[in-house]
Amino acid sequence: MTITNFLFKIARKLDPERAHLLTIQALKLGITPRYSNNSDEVLTSEVFGMKFQNPMGLAAGFDKSAEAFNSIDKLGCGFVEVGTLTLKPQAGNERPRVFRLEEDQAIINRYGFNNDGLSCAVKRLSKRKNPAGILGVNIGINKNSPTPISDYVEALRLASPLADYITINISSPNTPGLRDLQSSEKLEKLLGAIEKSYFENEGQTFTPPILLKIAPDLTEKEIKEIVQIALKTSVSGLVVSNTTVTRPTLLKGYKKTEPGGLSGPPLFELSTKKLAQTYLACKGKIPLIGVGGVDSAETAYAKIRAGASLVQLYTAVTYRGPRLFKSINDGLDLLIKNDNFRNVQDAVGIDAKYWADKKILD
Ligand SMILES: Cc1cc2nc3c(=O)[nH]c(=O)nc-3n(C[C@H](O)[C@H](O)[C@H](O)COP(=O)(O)O)c2cc1C
């Protein structure tokens, strides 16, 4: 048994927050298996003006404080998104605040943006070792901030020089009022302020693409409104989706009533439907990252066919271990070739209509 498999087995026996901390420490020490991300040509693509070696990324929330991204890069993923980072360091909610629903292979979390803060993260990000791995930085706001819009603007200013792309997180359910920023009026104000400071700042030499991360609990009408605003401003893409505050009746895990955001397979159908609705509303004008319940090549491929140019996951890697990215990429390669597509981008959105109209069991 390798040391990483051994550590993974131990971590699975610990409570989920301790397991998370242990994993981050191990990664920081460089205890990680190494899988190549340099896949077959069918998996490589150009999105947001960057070349991705494969479409699979690690979603935000795993490397919250940008401590371990240099090692995560080695797991065979095409990109890593660190954060959510806030301007000031923040302890987050009281423990326990993350729960495994083993029977559902799911997680409920209400961490509440615990992170070391952007100043600390900026120092770490500036020590980035491997420029070949694409790095996204996900930004949010401190709890009860009286100045959410200027906080986002400042966070963006700090993170931009060090990120290949920035995700503006307006969809975590564990920061009071955050999801309200998805409403048309507030979103227009937020993006207007970002655009003004970001794109009109003459000193800014590099402006990485800006993505918006949205919730799976939006209605189709709300999604269409967000897309319209995104297309009017300089948003380069959308990440669909964050965790859900809904609880499918089929959930079995006895922690299912814990408050917080639900992730993993029970989120798959809902988030894929919302992804497809977003794809159709965008009419292909901006690329999407599909996230929510991906745990296999088949589910990753379904996201792509529903409209995702890139795919992320988090929950599944905590259940399945570090080899997951490699096995999904191997499987995706076969699925794409079996369908006679030249590459991953040829499959994007071909099932969007099916997914957008799909009845979801709740
Ligand atoms: C424990 C945990 C913490 C998370 N923290 C964040 C976060 O800080 N910022 C964010 O944008 N998303 C966060 N997420 C959401 C994930 O990035 C992802 O959108 C969601 O979990 C759905 O993907 P999954 O089913 O593959 O986990 C978190 C998810 C989990 C499970």
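Here's what I pulled together on the structure shown here. As the structure is a prediction and not an experimental result, all values here were calculated from the model.

In the vicinity of the ligand there are 24 residues, among which Ala-60, Thr-84, Gly-264, Gly-293 and Thr-315 approach most closely. Interatomic distance of 2.6 Å between a backbone N/O atom of Ala-60 and an oxygen atom of the ligand. Burial of the ligand by the surrounding chains reaches 98%, relative to a free accessible area of 610 Å². Of all the elements in the fold, those that place two or more residues in the shell around the ligand are β4 (79-85) and β6 (106-109). Residues of the shell around the ligand, tallied by class, amount to eight nonpolar, 14 polar and two charged.

Each neighbour pair has its own omega, and for Gly-83 with Thr-84 the value is 15°, a cis peptide bond. For the bond from Val-240 to Ser-241, the omega torsion is 20°, close enough to zero to count as cis. Mapped onto the elements, Ser-241 comes out in the loop between β10 (235-240) and β11 (261-263). The phi angle at Asn-340 is positive, at roughly 60°, despite the residue not being glycine. Within the secondary structure, Asn-340 is located in the loop between α11 (324-338) and α12 (344-347).

Looking now at the pattern of salt bridges. Here the structure, examined in full by the defined rule, presents 20 salt bridges. Across the salt bridge formed by Arg-110 and Glu-258, the nearest N and O atoms sit 3.0 Å from each other. Of the two residues, Arg-110 sits in the loop between β6 and α4 (118-125) while Glu-258 sits in the loop between β10 and β11, which places them 148 residues apart along the sequence. Of the residues examined, Glu-258 reaches a relative accessible area of 21% and is grouped as partly exposed. A salt bridge links Asp-164 to Arg-128, with the nearest nitrogen and oxygen atoms 2.6 Å apart. One end of the pair, Asp-164, is in the loop between α5 (148-159) and β8 (165-169); the other, Arg-128, is in the loop between α4 and β7 (134-139), with 36 residues separating them in the sequence. Classification of Arg-128 as partly exposed rests on a relative accessible area of 23%. Salt bridges linked by common partners bring Glu-17, Arg-95 and Arg-97 together as one network.

Each value, and the rule that gives it
- Residues numbered from 1 in each chain as written.
- Predicted model: local features only at pLDDT ≥ 70, side-chain atom pairs only at ≥ 80, totals over all residues.
- Heavy atoms only, no water.
- Near = heavy atom within 4 Å.
- Polar contact = N/O pair within 3.5 Å; in protein donor to acceptor, adjacent residues only side chain to side chain.
- Areas by Shrake-Rupley, 256 points an atom, 1.4 Å probe, with all protein chains shown as cover.
- Helix = DSSP H or I, 4+ residues; strand = E, 2+ residues; numbered from the N terminus.
- Nonpolar A, V, L, I, M, F, W, Y, C, P; charged D, E, K, R; others polar.
- Salt bridge = Lys/Arg side-chain N within 4 Å of Asp/Glu carboxyl O.
- Buried < 20%, exposed > 50% of the residue type's maximum accessible area, 1.4 Å probe, protein only.

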